[in-house]
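Residue strings, one per chain:
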Amino acid sequence: MSAEPLGHSGPIDRPRTVGTIRRALPPELRDRFQAALDDAAPEDLFALVALWGAVAQTATDAGADAAAGAVRAGTAATYGIGDVFLVLDGTL
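Our subject in this report is the structure included herewith. All values reported here derive from a predicted model rather than from experimental measurement.

**Describing the environment of Phe46**
(1) Moving on: Structurally, Phe46 can be placed in helix α3 (residues 45-59).
(2) Moving on: On the basis of relative accessible area, Phe46 is assigned to the exposed category, the value being 75%.
(3) Moving on: For the pair Phe46 and Arg16, spaced 30 residues apart in sequence, the C-alpha to C-alpha distance is 9.9 Å.

Now the structure itself:
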């Protein structure tokens, strides 16, 4: 089994604090992030920070728009579950 490289050589660096997320977000998203923080219940803050960390990571990924476009157009590479987990394919 082989896989195509994803185009980066190390671990994905996702911002994980309010400050690093705010700095990583493009300026046009910072007010929305602040509004989400202002309106969040305390028990929702952990999930909110995780969600916006992913948004910030995607917003700074140069290939994210192209990948999303390929998914929408149906041209993105796809793999069956048996290609990933051979035991489910019955080959193991």
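The structure having been displayed, the exposition proceeds.
**Considering the environment of Ala56**
(1) Moving on: Looking at where Ala56 falls in the secondary structure, it is placed in helix α3.
(2) Moving on: The buried category is assigned to Ala56, whose relative accessible area is 0%.
(3) Moving on: Along the sequence, Ala56 and Leu29 sit 27 residues apart, while their C-alpha atoms lie 9.0 Å from each other.
(4) Moving on: Each residue touching Ala56, except ones within four places of it in the same chain, is listed here: Pro15, Ile21, Ala24 and Leu25.

**Section: the packing of helix α2 (residues 27-39) against α3**
Between two packed helices, the angle of one axis relative to the other and the distance separating the axes together describe the packing.
(1) Moving on: Closest axis-to-axis distance for the α2/α3 pair is 11 Å, and the angle between their directions is 170 degrees. Accordingly, the angle class assigned to the pair α2 and α3 is roughly antiparallel. Of the residues in α3, those in contact with Leu29, Arg32, Phe33, Ala36 and Leu37 of α2 are Leu45, Leu48, Trp52 and Val55.
(2) Moving on: Class assignment of the residues belonging to the contact of α2 with α3 gives a composition of eight nonpolar, no polar and one charged.

**Let's talk about the nonpolar core**
(1) Moving on: Core analysis: the largest hydrophobic core is formed by nine residues, namely Ile21, Leu25, Leu29, Phe33, Leu37, Leu48, Val49, Trp52 and Ala56.
(2) Moving on: Those elements that place two or more of their residues in this core are α2 and α3.
(3) Moving on: Leaving out residues up to four positions away in the same chain, Ile21 has contacts with Pro15, Arg16, Phe33, Val49, Trp52, Gly53 and Ala56.

Definitions and cut-offs
Residues numbered from 1 in each chain as written. Predicted model: local features only at pLDDT ≥ 70, side-chain atom pairs only at ≥ 80, totals over all residues. Heavy atoms only, no water. Helix = DSSP H or I, 4+ residues; strand = E, 2+ residues; numbered from the N terminus. Buried < 20%, exposed > 50% of the residue type's maximum accessible area, 1.4 Å probe, protein only. Contact = heavy atoms within 4.5 Å. Axes fitted to C-alpha atoms, helices over the stretch in contact; angles between N-to-C directions. Parallel < 35°, antiparallel > 145°, perpendicular 65-115°, else oblique. Nonpolar A, V, L, I, M, F, W, Y, C, P; charged D, E, K, R; others polar. Core = buried A, V, L, I, M, F, W, Y, C linked by side-chain atoms within 4.5 Å.

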